[in-house]
Amino acid sequence: MHSTQTRTVNVGLIGLGTVGGGTARLIMRHHDEYLHAYGIDLKIARACGLDPARVDELGLDPAIFTTDWREVTSDPDIDIVVELIGGEHPATEIFEAALTSGKHMVSANKALLGRHVERLAALAAEHGVQLRCEAAAAGGIPVVNALEHALVGNNVLCIAGILNGTTNYILSRMTAEGLDFAEVLADAQRLGYAEADPSADVDGFDAASKVAILSSIAFHTRVTTDDVYMQGIRNVSADDIDQARELGYAIKLLGIARWTSSGIDARVHPVMIPRDHMLASVSGAMNAVYVVGDAVGETMFYGAGAGSFPTASAVVGDILELAQPIAHGAAPAPESEPYERTLPIRQIADLETRYYIRLSVADRTGALAPVVKAFADAGISISAVNQLADDGDGSCSVVFLTHLARERDVEQVCDTLAALDDVRSVASVIRIEDVDAWLDGVEKND
Ligand code: HSE
């Protein structure tokens, strides 16, 4: 038990939705533990939301409720402002008002921080306060903390993550039940796993924001969401998943960020990875972040990337980190992460990997001859060809696997293939990730 004199730490909560509600409940339920274990008397002093009824639901004092966030950011008693509304506006204005008023900030806002963390961190540094964002990277998984503290002795070489629960849920069900994307998406929406407008999840934006935040911290160079190549899962079909299984792979939407000698490779897209890789076993709505450090080698952090209490766990962890010195009469260290661009970003056209390409081709003699020639003309070497069952309309699917090839050459050959008379469509192009290359640069034991 803590016996030293401490002062109350006042939190202003903006956003009382799923995560805001979980945060309020966690702080109230654990108040006495925080006080006894850490000497922190943590109080929600202001709560801002849209609906006054939410205050009753959460058991908050109605006197602290407001619908105007300015009443929180301008309240002189507030030490820490917690922004949990998401989106760019008015979140940007909330950050600016709180930081310039000298309030520390905690946020789970991946969309805003993925794009603008360098500007907001600079504002925090200028006003001598800190900005913390554990919950913005992978919900409840404490990976920001690991990168900022426990792993700082390493050069991080690679981060590969299942950073979006909605898409992992959809791909897992497609894999387990042999269903197509549209069918599982509709069911996921009905069950509340996917949003009515699913685009931020299924088109990769949510995962790309998280890649931007994680790689900026891990590689000490600014990577913004707009730097991250992004491709979602709409084009992954049950046939592709089936083929992947036969080839010994699982299809996952991964956020990948690698340090390379020519810059940072940052991308989100569906990949084939070996079915025995630890990331392949992460199923349903769960998240996992695989981190390779030059000293530690492989690590993997697994947990819930969304949800009320899991995300609140990360938010409250950040709040307590800030509250510890405040409670004891000191100030948390001001923001020090400069988030400056010090390394180039590699373009996706420069990626070199193996590819799975599925074509819908007219089922007639000689149809494949110009296809094979197109690959040869582009300098792409084929490692295997597999003709699948007839599509039933005079065409059939043919899968080509390539040896290592350059993305720009693959893009070019796909354009050529799409224009051939006997090619009905280039139905899918999926990168086969070389997971062994993720370990390049790990120190060998003496
Ligand atoms: N919508 C996200 C997901 C959680 O499905 O994982 C918030 O980033």
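The text that follows walks through the structure, step by step, so that each part is easy to find.

Thresholds, definitions, all that
Residues numbered from 1 in each chain as written. Predicted model: local features only at pLDDT ≥ 70, side-chain atom pairs only at ≥ 80, totals over all residues. Heavy atoms only, no water. Helix = DSSP H or I, 4+ residues; strand = E, 2+ residues; numbered from the N terminus. Rg over C-alpha atoms; globule rule 2.2 N^0.38 Å. Buried < 20%, exposed > 50% of the residue type's maximum accessible area, 1.4 Å probe, protein only. Areas by Shrake-Rupley, 256 points an atom, 1.4 Å probe, with all protein chains shown as cover. Lys, Arg positive; Asp, Glu negative; His and termini not counted. Charge placed at Lys NZ, Arg CZ, Asp CG, Glu CD. 1 Å grid on protein atoms, 1.4 Å probe; cavity = no way out; pocket = protein on both sides within 12 Å on 5 of 7 lines; lining within 4 Å. Points joined across faces, edges and corners; volume = space filled by probe spheres on them. Nonpolar A, V, L, I, M, F, W, Y, C, P; charged D, E, K, R; others polar. Domains from an automatic or database assignment. Contact = heavy atoms within 4.5 Å.

**What about the overall build of the chain?**
Along its length, the chain carries 16 helices and 17 strands. Here the chain has a C-alpha radius of gyration of 24 Å; the compact-globule value for 446 residues is 22 Å, and the two agree. Seen through its C-alpha atoms, the chain measures out along the principal axes to roughly 85 × 55 × 35 Å. Counting only residues that meet the buried cut, the chain has 54% of its 446 residues in that class. Surface accessibility of the chain: about 18700 Å² in total, with carbon and sulfur atoms responsible for 49%. The centroid of the 33 positive side-chain charges in the chain is displaced by 1 Å from the centroid of its 63 negative side-chain charges.

**A few points about the layout of surface pockets**
In this structure, the largest pocket occupies an estimated 1100 Å³ of space. Looking at the largest pocket, it is lined by 36 residues, and the ones nearest its centre are Lys110, Glu195, Asp201, Asp206 and Ala306. Secondary-structure elements contributing two or more residues to the lining of the largest pocket are α1 (18–29), α6 (110–126), α9 (165–177), α11 (199–202), α12 (205–219) and β11 (286–293). Taken as a whole, the second largest pocket holds about 350 Å³ of empty space. Around the second largest pocket, the lining is made up of 21 residues, and of these Gln130, Arg132, Glu148, Glu335 and Ser336 lie nearest the centre. When residues of the lining of the second largest pocket are traced back to their parent elements, those giving at least two are β6 (131–132), α8 (143–150) and α14 (308–327). Considering every element that reaches the lining of the second largest pocket, the biggest residue donor is α8, with five residues. For the lining of the second largest pocket, the class distribution of residues is nine nonpolar, five polar and seven charged. Counting only domains with at least three residues in the lining of the second largest pocket, you end up with domain 1 (9–140 + 308–327) and domain 2 (143–304).

**Considerations on the environment of asparagine 145**
Relative to the helices and strands, asparagine 145 is located in helix α8. A relative accessible area of 26% means that asparagine 145 is categorised as partly exposed. Each C-alpha atom of the pair asparagine 145 and arginine 132 lies 9.8 Å from the other, and the pair is 13 residues apart in sequence. The residues contacting asparagine 145, other than those within four sequence positions of it, are Arg132, Glu134 and Ala150.

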